[in-house]
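Per-entry structural report
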Amino acid sequence: MAVSNAVVPISKPKPQAETHMTRVSSDPEHSPRGHPDHHHGQQPWAMDKHTENHHKHKHNHPAGEGAQQATPEEKEETDDFDEDAWAHCAENAYGAFIHVAHQSGLFAALMKCGPMVMASVLIQSTFSYELWRHLPTINDAVCFCYIPPDLQFSAVCVFVTLMLNNVPNMARESAISVISKEFITEATEHQRHNLYGNGFKRFAIFFFAVFTEMVTWSGIMYSGVLFILTAPSVDLVIRSTVAIMFVQNVDEIIFDSCCSNDIKQDLQTTQYHLFDWGSLIKMKKTTSGEINRLYGLFVHLPVLFIISAGVVHVLRAEYPCEDSEWFIKRNPPPELGCPDT
C-alpha cells in the first residue's frame, strides 16, 4: 500500500475573537449578542462594553508619543460630533496675542504680538476719548432738533448693529483664553492636544487681549452714539457711522500689515475647543441651533430696534423740539448750517 508524500495544507483558523470585537465596535447593529464568547469567558454584553470603552479612550487620548491612531471612520465620527465645538482665534491683533501666548508662552506673545495690541489699544482709546471730550452734550447741540428723528434712529440702529457683531468674537476669545483646555491642528490631522496654563497665565492673556478690547469697544460705542446724535447736519450723521466703524477695525488692519506670515498661517490652521454650555442642561445640538436661529430673528433684531428708537425718543422727549419757547431760545443762526425743519 503506497503512502502519499503530498503535504496537505492546514488552513490557519481565523481569530474569531478579534474579528468579532472589530465588527462590534464599528457596526453595533450586527453585534452577535446571542452568542457566548469562548475565548475570554465573557458574555457578549461585557465584550461590547469593553470595546466601546476602548474606542472612547482612543477618541479622548491626547496627541503625542504613544497616542493611538484613530481609524478613518472614527475620525469622521469625531469631526461630525465636535464640528461646532472648535473655533479659530480672531484674525486681529488680539486673537494673534491669544494664540501665540497659548502656543509659545506669555513672553513670546508680548514680544511678537504685544506691539500690535498696544498700537490697537492706543489708537482706539485715543480716538474715543478725544471724540467724547470735544463733542457737545445733547443740551449744547444746537442742531439736535433740526435732524430728522427717523434718520437719527436709522443711523443709531445701523451703528449699534455693526458694533454688536464684535460681541460674539469677544465672548469666544474669553472662552479660549480662560476655559479652553484642548486644541487641534491640521498638521496633526485634527488630533487633540492638551492646552496647559496656570491661572496667572490665563488671567494675563485675558487682561491683555480681551479686557483691553472690551474697554476700547465700550468707549467707541458710547462716543459713536453721541457723535451721531449731536451731528449738526444730515450728511454728517451718515458719514459718522462709517468713520467710527473704520476705527473699530484698526486691530484687523494692524494685524494684516504687521503680523508675520508664520503666525497668520498657524492661526488659520489651529482650532481651540469651546465649552458646550448646553451640556450643563443636556441640550441637544439641534435644539441649540434652533434656539440661536429664533433668537437672531425674533429677539436680537427687535431688541436693536427698540433700543435705538428708545434712545432717540427719550432724548427728544427730554429736550422737546416742539416747544416754541425752546426754539426761540435755541434757534441756531444760519451760518451753523442746520437743516430746515
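In what follows, the structure referred to is the one given above.
Here is a short report on the structure shown in this document. (Residues numbered from 1 in each chain as written. Predicted model: local features only at pLDDT ≥ 70, side-chain atom pairs only at ≥ 80, totals over all residues. Heavy atoms only, no water.)

What about the packing of helix α4 (residues 93-104) against helix α6 (residues 114-134)?
Where α4 contacts α6, the two axes come as close as 9 Å, and the packing angle between them is 150°. The orientation of α4 relative to α6 falls into the category roughly antiparallel. Crossing handedness for the pair α4 and α6: left-handed. Taking contact as the criterion, the partners of A93, Y94, A96 and F97 in α4 are, on α6, G114, M116, V117, S120, V121 and Q124. Partitioned by chemical class, the residues of the contact of α4 with α6 number seven nonpolar, three polar and no charged. (Axes fitted to C-alpha atoms, helices over the stretch in contact; angles between N-to-C directions. Helix = DSSP H or I, 4+ residues; strand = E, 2+ residues; numbered from the N terminus. Parallel < 35°, antiparallel > 145°, perpendicular 65-115°, else oblique. Left-handed = near helix turned anticlockwise from the far one by under 90°. Contact = heavy atoms within 4.5 Å. Nonpolar A, V, L, I, M, F, W, Y, C, P; charged D, E, K, R; others polar.)

Comments concerning the packing of aromatic side chains
Considering all chains together, one arrives at six aromatic pairs under this definition. Seen in terms of ring centroids, F183 and Y272 are 6.1 Å apart; in terms of plane orientation they differ by 45°. Their pairing is tilted. A residue pair is termed long-range when its members are at least 10 positions apart, and F183 in strand β2 (residues 182-185) and Y272 in strand β4 (residues 270-273) qualify at 89 residues. Given a relative accessible area of 11%, F183 falls into the buried group. (Phe/Tyr/Trp six-rings, centres within 6.5 Å; stacked < 30°, edge-to-face > 60°. Buried < 20%, exposed > 50% of the residue type's maximum accessible area, 1.4 Å probe, protein only.)

Side note on helix α10 (residues 234-248)
With 15 residues, α10 should reach 21 Å at 1.5 Å per residue; the first-to-last C-alpha distance of 22 Å fits that figure. Where α10 bends most, at S240, the angle is about 25°. Buried residues in α10 make contact with α6, α7 (149-164), α9 (199-229) and α11 (250-258). (Expected span 1.5 Å × (residues − 1). Bend = angle between axes of the 7 residues up to and from the residue.)

Topic: the side chain of Q124
Tracing the sequence through the fold places Q124 in helix α6. Residue Q124 is classed as buried on the basis of its relative accessible area, which comes to 1%. In terms of polar contacts, Q124 uses its side chain to reach the side chain of Y94, at 3.2 Å. (Polar contact = N/O pair within 3.5 Å; in protein donor to acceptor, adjacent residues only side chain to side chain.)

Quick word on the packing of α7 against α9
Two elements in contact, α7 and α9, have axes separated by 10 Å at closest approach and are oriented at 170°. Regarding the angle of α7 to α9, the classification is roughly antiparallel. With respect to the hand of their crossing, α7 and α9 are arranged in right-handed fashion. Facing Q152, A155, V156, F159, V160, M163 and L164 of α7, the residues of α9 in contact are W217, I220, M221, G224, V225, I228 and L229. When the residues that make up the contact of α7 with α9 are grouped by side-chain class, the tally is 12 nonpolar, two polar and no charged.

A word on the pairing of β2
Residue alternation in β2 divides its side chains into two sets, E182 and I184 and F183 and T185, and both sets are buried. For β2 and strand β3 (residues 193-194), the ladder comprises two bridges, and the chain directions are antiparallel. The partner of F183 across the bridge, within β3, is H193. (Pairing = 2+ DSSP bridges.)

Regarding the sheet that holds strand β1 (residues 86-87)
Whenever strands of a sheet pair, they do so through backbone hydrogen bonds, lying parallel or antiparallel. In spatial order, the strands read β1-β4-β2-β3; together these four strands make up an open sheet with antiparallel pairing. Where the open sheet ends on each side, the last strands, each with one partner, are β1 and β3.

Here we look at the pairing of β4
Bridging between β1 and β4 involves two bridges; their strand directions are antiparallel. Its bridge partner lying in β4, A87 is registered against Y272. In this sheet, β4 lies alongside β2 in antiparallel orientation, the contact comprising three bridges. Paired with F183 across the bridge in β4 is Y272.

Note that every value here comes from positions in space, so none of it alone points to a role or purpose.
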